Protein chains: 2
Amino acid sequence: MALIYKKVCVIGLGLIGTSILHAIKAKEDKNIITLAYDINSNHRDIVSKMNIASLVCDKIENAINDADLIILSIPVGSMSNVAKLISSYLKEGAIITDTGSTKQSVIKDIQPNLPKNVHFIPSHPLAGTEYSGPQAGFGTLFENRYWLLISDIETKKTKQLGSFFTKLGAMVEIINANYHDRILAITSHLPHLIAYTIVGTASDLESDLKNDVIRYSASGFRDFTRLASSDPIMWRDIFIHNSDAVLEMLQRFNEDLSDLQKAIRKQDADKLHSFFSRTRSIRKKIIDAGQS
Amino acid sequence: MALIYKKVCVIGLGLIGTSILHAIKAKEDKNIITLAYDINSNHRDIVSKMNIASLVCDKIENAINDADLIILSIPVGSMSNVAKLISSYLKEGAIITDTGSTKQSVIKDIQPNLPKNVHFIPSHPLAGTEYSGPQAGFGTLFENRYWLLISDIETKKTKQLGSFFTKLGAMVEIINANYHDRILAITSHLPHLIAYTIVGTASDLESDLKNDVIRYSASGFRDFTRLASSDPIMWRDIFIHNSDAVLEMLQRFNEDLSDLQKAIRKQDADKLHSFFSRTRSIRKKIIDAGQS
């Protein structure tokens, strides 16, 4: 299946970057060349051995300089530096995208550092697992998942990029950067922050209790430890770079949690029951939306 | 496989009660008789048609009066009333257990209402799903899950009951009621409270944003909606009946969350990174403990 671009470069060989390489390889398009680079030489060696890229480059400029599409799958805190690093090597007309979880910060960090004759279209695949690193990737990661393109208008170039992501299995939609950041703050960033917090709280318990918390970890806590085992650098960067939206959602969350805390203290059974009944319907909507 | 007791009565035909009936039936022990009752006649009809109990009784006393083992799989808020209701029908020497998620409250609500010639041994299977009702049960629910017996000492009767749960697939351990309630507060009750809260927070967002939160629900939030779709009556009762331990854990959680909130506000990348790195190791321990 023809994949629109002739030379695709992936910078950053973690879960997302290697999943993109796997997904491209699975399409068996003989006309596409994939170029891969990671700052970590160990990751480059692993990906070389995996044989999922046409070429793993030891220097970033060799991966970049003839590419039609460059995908930056790196922590959002590294976007500014990498944009500066690659800017003088980019081919005229190249498309640059990224896969970061914060979009206003990425636009601010990348756009001013690029030459005028290339096109930056930020994007974000809503897909992932708690695993990280080059061995974590797999070719079906994006299937039936949304891949959001950030643009105020639809153009020929956004359509092309969208088609490329669609061929990797994703459902593509175009949304605005600020709106993206608020949605992700409540659907992904705040849940991860809370999961990290509660697992941290548990790890501070007296040691007998802590050991049995691990031993008898019931559902609930087990799910939270899964989220709280995600890549610490990636998440550090997300909270630093989407702090406004995260702090807004956190404030709303804290108000609601205080209400429930008071209801428990006052033994207000009716209030608890009505709150817990209301949240059930949201789950049903997610199942109906096919995203469960 | 012989299942120790001749007549086993299950009161409450939700996820846990019907899973027990499924698990007993799967053992194909021709000498065991199972008696079932639920206050909801609709649930009784469903279980009759499912053919997983020897007899579904329309009156609780008929289910109780000849049983060797009575299992109360009902919300913890109903324990006191049901204990009063059944106490005069219990056979001498009968064993009564329950499957509730709070143990100090259940002991306080049941023990004083029982006659002296029966034996109450509280228990709690650490197993469940987000589904509820008689159709939610399945026979392998307890396999490789802990089933905690609450007792200060091991006796012939706790050993027998433990063997029975082991035959249903569970791993049995004896622990103290207060300790149980604190462990469950952090591993199960607090995570559910937080999941209910965040899903409630999302459902209060302005309506465009809320719809797209559902549409684009990323991992994190999706997991929380699963927890927040659990049975509202069961959870109302748990928070009312384990309020001391839940409020203690909630206070610890709030302190930790405030710390992280401050770190985000101050853009303290090092603090976030070190916190997120620490929680990773807890996940690894849970995986090593075979409970992931």
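All values derive from a computational prediction rather than experimental measurement.

Regarding its fold elements, chain A presents 12 helices and nine strands. Taken over C-alpha atoms, the radius of gyration comes to 21 Å for chain A, in line with the 19 Å a tight globule of 292 residues would show. Along the first, second and third principal axes, the C-alpha set of chain A runs to 65 × 45 × 35 Å. Looking at chain A as a whole, 58% of its 292 residues qualify as buried.

Bringing the pairing of strand β5 (residues 95-98) of chain A into the picture now. All names here are of chain A. Here β5 shows no split at all, with Ile95 and Thr97 on one side and Ile96 and Asp98 on the other all buried. Strand direction decides the pairing type here: strand β4 (residues 69-72) and β5, joined by four bridges, are parallel. Note on β5: the bridge partner recorded for Leu72 is Asp98. After leaving β4, the chain enters helix α4 (residues 79-86) and then returns to the sheet as β5, a path that is right-handed. With two bridges joining them, β5 and strand β6 (residues 119-120) adopt parallel strand pairing. Looking at β6, one finds that Ile96 is bridged to Phe120.

Each side of the interface is counted separately: chain A has 89 residues, and chain B has 89 residues. Here chain A meets chain B over a buried area of about 8,900 Å², counting both sides, of which 68% is carbon and sulfur. Where chain A meets chain B, there are eight salt bridges. As a salt-bridge pair, Arg215 of chain B and Glu173 of chain A come within 2.5 Å of each other at their nearest N and O atoms. Here chain A is connected to chain B by 32 residue pairs in polar contact (both at pLDDT 80 or more). Ranked by residue count, the leading element in the side of chain A that touches chain B is helix α7 (residues 177-203) of chain A, at 19 residues. Among the residues making up the side of chain A that touches chain B, the classes are represented as 44 nonpolar, 23 polar and 22 charged.

Residues and elements named next belong to chain A. When cut into domains, chain A gives domain 1 (7-175) and domain 2 (180-288). Its C-alpha centre places domain 1 at a distance of 30 Å from the equivalent point of domain 2. Taken together, the contacts link 17 residues of domain 1 with 13 residues of domain 2. Summing both sides of the interface, domain 1 and domain 2 together bury roughly 1,200 Å²; the carbon and sulfur share of this comes to 62%. The largest contributions to the domain 1 side of the interface with domain 2 come from Ser101, Thr102 and Glu130, which together make up 39% of the buried area. Between domain 1 and domain 2 we count one salt bridge in total. For the salt bridge of Glu130 with Arg226, the shortest nitrogen-to-oxygen distance reads 3.3 Å. At the boundary of domain 1 and domain 2, one finds six residue pairs in polar contact (both at pLDDT 80 or more). Of all the secondary-structure elements, those providing two or more residues to the side of domain 1 that touches domain 2 are α5 (104-110) and β8 (146-150).

Attention now goes to the sheet that holds strand β2 (residues 33-37) of chain B. Across a sheet, paired strands are connected by hydrogen bonds in the backbone, their directions being either parallel or antiparallel. Residues and elements named next belong to chain B. Here six strands make up an open sheet; going across it, the order is β3-β2-β1-β4-β5-β6 and the pairing parallel. What marks the edges here is a single partner per strand, and that holds for β3 (55-56) and β6 (119-120). Here strand β1 (residues 7-11) pairs with β2 via five bridges, running parallel. Bridged to Ile11 within β2 is Tyr37.

The next point concerns the relation of the copies chain A and chain B. The transform that puts chain A on chain B rotates by 180 degrees and translates by 0.0 Å along the axis, for an RMSD of 0.0 Å. The superposition operator between the copies reduces to a two-fold rotation axis. The C-alpha atom lying nearest the rotation axis in chain A is that of Asp223 of chain A; the distance is 3.6 Å. Mapped onto chain B, 100% of the interface residues of chain A again fall at the interface, so both copies present the same surface.

All names here are of chain A. Tracing the chain through its elements places Ala67 in the loop between α3 (60-64) and β4. Sequence-wise, Ala67 and Ile33 are 34 residues apart; in three dimensions their C-alpha atoms are separated by 8.9 Å. Not counting chain neighbours up to four residues away, the residues in contact with Ala67 comprise Lys7, Cys9, Lys91 and Ala94.

This part covers the nonpolar core. Core analysis: the largest hydrophobic core is formed by 142 residues, its most contacted members being Ile11 of chain A together with Ile11 of chain B. The contact partners of Ile11 of chain B, leaving out residues within four places of it in the chain, are Tyr37, Ile60, Ala63, Ile64, Ile70, Ile71, Leu72, Ser73, Ile74 and Val82 of chain B.

A word on the pairing of β8 of chain A. Residues and elements named next belong to chain A. Most of β8 sits inside the fold, with five of its five residues counted as buried. Both faces of β8 are covered, namely the face carrying Tyr146, Leu148 and Ile150 and the face carrying Trp147 and Leu149. Note: strand β7 (residues 123-125) against β8, three bridges, orientation antiparallel. Following the sheet pairing, Ser123 is matched in β8 by Leu149. As paired elements, β8 and strand β9 (residues 171-175) share five bridges and run parallel to each other. The residue of β9 that forms the bridge with Ile150 is Ile175.

Okay, the pattern of salt bridges next. Scanning the model with the defined rule gives 31 salt bridges over all chains in all. A salt bridge links Lys91 of chain B to Asp68 of chain B; the shortest N-O distance between them is 2.8 Å. Of this pair, Lys91 of chain B sits in the loop between α4 (79-86) and β5 (95-98) while Asp68 of chain B sits in the loop between α3 (60-64) and β4 (69-72); the two residues are 23 residues apart in sequence, bridging distant segments of the chain. Notably, a salt bridge pairs Arg252 of chain B with Glu248 of chain B, separated by 3.1 Å at the nearest N-O pair. Of this pair, Arg252 of chain B and Glu248 of chain B both sit in helix α11 (residues 243-265), separated by four residues, roughly a single helical turn. Judged by relative accessible area, which is 26%, Arg252 of chain B ranks as partly exposed. Owing to a relative accessible area of 27%, Glu248 of chain B belongs among the partly exposed residues under this scheme. Shared partners join several salt bridges into a network, and the residues in it are Lys7, Asp66, Asp68 and Lys91 of chain A.

Calculation rules
- Residues numbered from 1 in each chain as written.
- Chains lettered and ligands numbered in written order.
- Predicted model: local features only at pLDDT ≥ 70, side-chain atom pairs only at ≥ 80, totals over all residues.
- Heavy atoms only, no water.
- Helix = DSSP H or I, 4+ residues; strand = E, 2+ residues; numbered from the N terminus.
- Rg over C-alpha atoms; globule rule 2.2 N^0.38 Å.
- Buried < 20%, exposed > 50% of the residue type's maximum accessible area, 1.4 Å probe, protein only.
- Pairing = 2+ DSSP bridges.
- Right-handed = clockwise from strand over helix to strand, strands pointing away.
- Contact = heavy atoms within 4.5 Å.
- Buried area = accessible area lost by both parts, 1.4 Å probe.
- Salt bridge = Lys/Arg side-chain N within 4 Å of Asp/Glu carboxyl O.
- Polar contact = N/O pair within 3.5 Å; in protein donor to acceptor, adjacent residues only side chain to side chain.
- Nonpolar A, V, L, I, M, F, W, Y, C, P; charged D, E, K, R; others polar.
- Domains from an automatic or database assignment.
- Least-squares fit on C-alpha atoms with pLDDT ≥ 70 in both.
- Core = buried A, V, L, I, M, F, W, Y, C linked by side-chain atoms within 4.5 Å.

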